[in-house]
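Geometric and topological summary
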Amino acid sequence: MRLMSLFLALFAVFAVASAAAPAWAEIEVNVNRGDVQPLPIAIPAFGGPQGADIAGVISANLQRSGLFRPLDPASFVEHDLDPAVQPRFPLWKQINAQALLNGQVVVEDGRLKVAFRLWDVNAEQQLLGLEFTSTPDNWRRIAHKISDAVYERLTGEKGYFDTRVVFVAESGGRGAKVKRLAIMDQDGANPSYLTDGSFIVMTPRFSSTSQEITYMALRPDGSSVYLFNLETGRRESLGQFPGMVFAPRFSPDGSRVAFSVERAGNSDIYVMDLRNRSTVRLTSDPAIDTSPSFSPDGRSITFNSDRSGSPQLYVMGADGSNPHRISFGQGRYTTPVWSPTGEYIAFTKQTGGEFHIGVMKPDGSDERILTSSYLDEGPTWAPNGRVLMFAREGADGRSRLWTVDVTGRILQPVPYPLSGSDPAWSPLLQ
Amino acid sequence: MVSIPDRKTALRIALVAAAAASMAACASHPKPSYPTTPPPSAAPPAGPQTAPPPAPVTQGAVPGSEQDFVINVGDRVYFDFDKFDIRADAQPILDAQAAWLTRYPAVTVRIEGNCDERGTREYNLALGARRANAVRDYLVSHGVSSSRITTISYGKEKPIDPGSGEEADQHNRNAHSAITGGAATR
């Protein structure tokens, strides 16, 4: 069943020899333990063209998850493995590998065919055997799909590696920043620009299809929220509003967009049905109401309001009913974002002179602070709800993208070398 | 934009202001000063006036021009952290803006609300809108027609002080009155 669903998610392909034996691995990674020991995994270079590159991308993905510890290839004793042949397990046990991933790349009719197998070294058992096919220029995506397959087989949860991030690429110092909408793979590869920097863009967000984004543009004559189709390049405005329109975010099914409209200085939350362009006002309060984010079932919205006198987090029905405050800790809470699993709401918190990324349950319980710095802001969830990406700006005004896992244990910069802010993580690609 | 400019400084600023009014002060000084008190003698009496008014001390700025407004009235007022109420030190500047706008009724302005970076992006957009509207409301209550005023929030996107720390943050919490039309050009 698991193999089947994976298989459907792939672009083309068939499974080779799925494990005939009952698929009970003796190894597993428990993602819920805060003190998890990363699983030692050996990932030798795959055979064939670009085999080393593919193994390298997989290795980096798994390492960055914090749940795996890819072993140094220099320690490997067995070389030139053939995925069709059982590896010599004692040679892998002796370097303390618990899992082994090997693969072979062949080019057939101009297409890249990558077969791989995942082995439980101690149980001397195959855990996974699959084959992915695509065009050669798509080799990184194949590596990400293999990473997701390995992650899912060993953790029991969906991966998040075959995803993209839309963000605001920044150049220039504070006060003179040029901001361009940009998109890249989750590991920082393949960045490209979507706007030219002639006006300020902010807060891009993905729809559930991963093919459409919404963002806010600040032009000299006012602001607009746009829908932008990544496949067709078509861009359209959400429409004309009496004041500033900002803070857009899609509903989970992509049929609605929630956003703020400011009128005479007061910001309230609205939702537009994209099918008929009808707009409903959800809040009517003299306070700031902004940053709406839907629950994954589409029935609730968390948002930011200073109706209590300082910015705090609230939850209401998707029709605006029953707004109630959920944040009660010391400090100022903004940018609530519901996790894709529904389990948490992530936020930015200001206490003293510092900014933090944190999570709490949707009822406000179990608040956990994950980061601290001069300026951490705007978390976005990986599609499996295990990792958050956010922007960290130093006192020098330079903003970089970082990730932290939901336990707060694994904090690291995204391997994208340039400045960026306002990241938004895509769902798993189709 | 500077409190008591000597003649040389004022002229230098006036030249820059023509090209980039909103950045005039900080663009022309490596270490700008950000007055939170009104420029003395810049504010004309607020009583009824018939045009053309007696020229105030313009020091090179043509009466009714953008330079006149920037130098002799003051085009920016400042706010406290996460606040949008008009501070006592902002009132004389806004009184002067209202009087100047009353004297030059063809002039239209855009009030631009700005925030420091010690807040998140969307909240600051909303906060900047509050600041811009607080200034607009003040000017309207002092006799300027609301039809001459538009507002925009830049949130924390357009800091005038590139530094970090409370001094820079204070500079960046402001509302800027930008002339959008109707001013004398020469």
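Residues numbered from 1 in each chain as written. Chains lettered and ligands numbered in written order. Predicted model: local features only at pLDDT ≥ 70, side-chain atom pairs only at ≥ 80, totals over all residues.

Some details on the overall build of chain B
The helix and strand tally for chain B stands at 6 helices and 4 strands. For chain B, buried positions account for 50% of its 186 residues. When contacts within chain B are restricted to residue pairs at least 6 apart in sequence, long-range pairs at least 24 apart make up 72% of them. (Helix = DSSP H or I, 4+ residues; strand = E, 2+ residues; numbered from the N terminus. Buried ≥ 20, exposed ≤ 12 C-beta atoms within 10 Å, placed from the backbone. Contact = placed C-beta atoms within 7 Å.)

Here's the deal with the overall build of chain A
A count of helices and strands for chain A gives 4 helices and 29 strands. Its C-alpha radius of gyration of 23 Å places chain A within 12% of the 22 Å reference for a compact globule of 430 residues. When its C-alpha atoms are laid out on the principal axes, chain A stretches across 70 × 45 × 45 Å. By residue count, 50% of the 430 residues in chain A fall in the buried class. (Rg over C-alpha atoms; globule rule 2.2 N^0.38 Å.)

As for the environment of Glu212(A)
Residues and elements named next belong to chain A. Positionally, Glu212 belongs in strand β10 (residues 212–219). Separated by 21 residues in the primary sequence, Glu212 and Gly233 place their C-alpha atoms 9.4 Å from one another. Glu212 has contacts with Ser207, Leu227, Phe228, Asn229 and Leu230, leaving out every residue within four places of it along the chain.

Describing the confidence of the model for chain A
Put simply, chain A has an average pLDDT of 91, and 92% of its residues get 70 or more. The low-confidence segment residues 1–25 of chain A (pLDDT under 50) makes 31 contacts with residues lying over four places distant or belonging to another chain. (pLDDT = per-residue confidence, 0-100.)

Observations regarding the sheet that holds strand β1 (residues 76–78) of chain B
All names here are of chain B. Spatially, 4 strands are ordered β1-β4-β2-β3 in an open sheet, and the strand pairing comes out mixed. Edge positions in the sheet fall to β1 and β3 (149–155), since each has one partner strand and no second. Here the average twist between neighbouring strands, direction ignored, is 20°. Where strand β2 (residues 108–114) meets strand β4 (residues 174–181), 6 bridges bridge the pair, whose relative direction is antiparallel. Across the sheet, Val109 pairs through a bridge with Ile179, a residue of β4. (Pairing = 2+ DSSP bridges. Axes fitted to C-alpha atoms, helices over the stretch in contact; angles between N-to-C directions.)

Observations concerning the domain arrangement of chain A
Residues and elements named next belong to chain A. The assigned domain composition of chain A is domain 1 (2–155) and domain 2 (164–425). The interface is formed by 7 residues belonging to domain 1 together with 9 residues belonging to domain 2. With 3 residues, helix α2 (residues 51–65) is the single largest residue contributor to the side of domain 1 that touches domain 2. Considering only residue class, the side of domain 1 that touches domain 2 consists of 2 nonpolar, 3 polar and 2 charged. (Domains from an automatic or database assignment. Nonpolar A, V, L, I, M, F, W, Y, C, P; charged D, E, K, R; others polar.)

Observations concerning the confidence of the model for chain B
All names here are of chain B. The predicted model of chain B has a mean per-residue pLDDT of 78, with 68% of residues at 70 or higher. Of the regions scoring below 50 in pLDDT, residues 1–53 engages in 86 contacts with residues more than four places distant in sequence or in other chains. The ipTM assigned to the predicted complex is 0.91, against a pTM of 0.86.

Considerations on the interface of chain A and chain B
Contacts between chain A and chain B engage 30 residues on the former and 20 residues on the latter. Listed by contribution, the elements that provide at least two residues to the side of chain A that touches chain B are β9 (200–206), β13 (245–250), β14 (256–263), β17 (289–294), β21 (332–338) and β25 (376–381) of chain A. The element best represented in the side of chain A that touches chain B is β9(A), accounting for 3 residues. Within the side of chain A that touches chain B, the residues separate by chemical class into 11 nonpolar, 15 polar and 4 charged.

With respect to the packing of helix α4 (residues 91–103) of chain B against helix α5 (residues 121–141) of chain B
All names here are of chain B. Orientation of α4 relative to α5, taken along the N-to-C sense of each, is 55°, at an axis distance of 9 Å. By the criterion of interaxial angle, the relationship of α4 to α5 is oblique. Both α4 and α5 take part in a crossing whose hand is right-handed. Touching Leu94, Gln97, Ala98 and Leu101 of α4 are Val135, Tyr138 and Leu139, all from α5. A breakdown of the residues in the contact of α4 with α5 according to their chemical character gives 6 nonpolar, 1 polar and no charged. (Parallel < 35°, antiparallel > 145°, perpendicular 65-115°, else oblique. Left-handed = near helix turned anticlockwise from the far one by under 90°.)

Notes on the nonpolar core
Phe259(A), Ile345(A), Ala346(A), Leu388(A) and Val135(B) are the most contacted members of the largest nonpolar core, which has 108 residues in total. Here this core gets 10 residues from one element, more than from any other, and that element is α5(B). Aside from chain neighbours lying at most four places away, what touches Ile345(A) is Thr302(A), Leu313(A), Pro336(A), Val337(A), Trp338(A), Val359(A), Met360(A) and Pro362(A). In this structure, Trp92(A), Leu101(A), Leu128(A) and Val150(A) belong to the second largest nonpolar core, which totals 38 residues. (Core = buried A, V, L, I, M, F, W, Y, C linked by C-beta atoms within 7 Å.)

Things to note about the sheet that holds β13(A)
Residues and elements named next belong to chain A. With respect to topology, 4 strands assemble into an open sheet ordered β13-β14-β15-β16, the strand pairing being antiparallel. Looking at which strands have only one partner, the edges of the open sheet turn out to be β13 and β16 (278–281). This sheet shows a mean twist of 25° between the axes of neighbouring strands, independent of strand direction.

Digging into unusual backbone geometry
Residue and element names in this part refer to chain A. For Asn96, which is not glycine, the phi dihedral falls at a positive 65°. Mapped onto the secondary structure, Asn96 falls in the loop between α3 (89–93) and β3 (99–108). The class of Asn96 is exposed, set by 12 C-beta atoms lying within 10 Å. In this structure, Asp109 is a non-glycine residue whose phi angle is positive, near 55°. Within the secondary structure layout, Asp109 lies in the loop between β3 and β4 (111–120).

Quick word on α2(A)
Spanning 15 residues, α2(A) covers 22 Å between terminal C-alpha atoms, matching the ideal 21 Å at 1.5 Å per step. Each element contacted by the buried residues of α2(A) is listed here: β1 (39–42), β2 (68–70), β3, β4, α4 (139–155) and β28 (411–413) of chain A. (Expected span 1.5 Å × (residues − 1).)

Digging into the pairing of β4(B)
Pairing analysis gives 3 bridges linking β1(B) to β4(B), with the strands arranged antiparallel. Opposite Tyr78(B), over in β4(B), you have Asn174(B) as the bridge partner.

Some thoughts on the pairing of β2(B)
Residue and element names in this part refer to chain B. With respect to burial, β2 is a largely interior element, 6 of its 7 residues being buried. Note: β2 against β3, 6 bridges, orientation parallel. From the neighbouring strand, Arg110 faces β3, where its bridge partner is Thr150. Handedness of the crossover joining β2 and β3 through α5 is recorded here as right-handed. (Right-handed = clockwise from strand over helix to strand, strands pointing away.)

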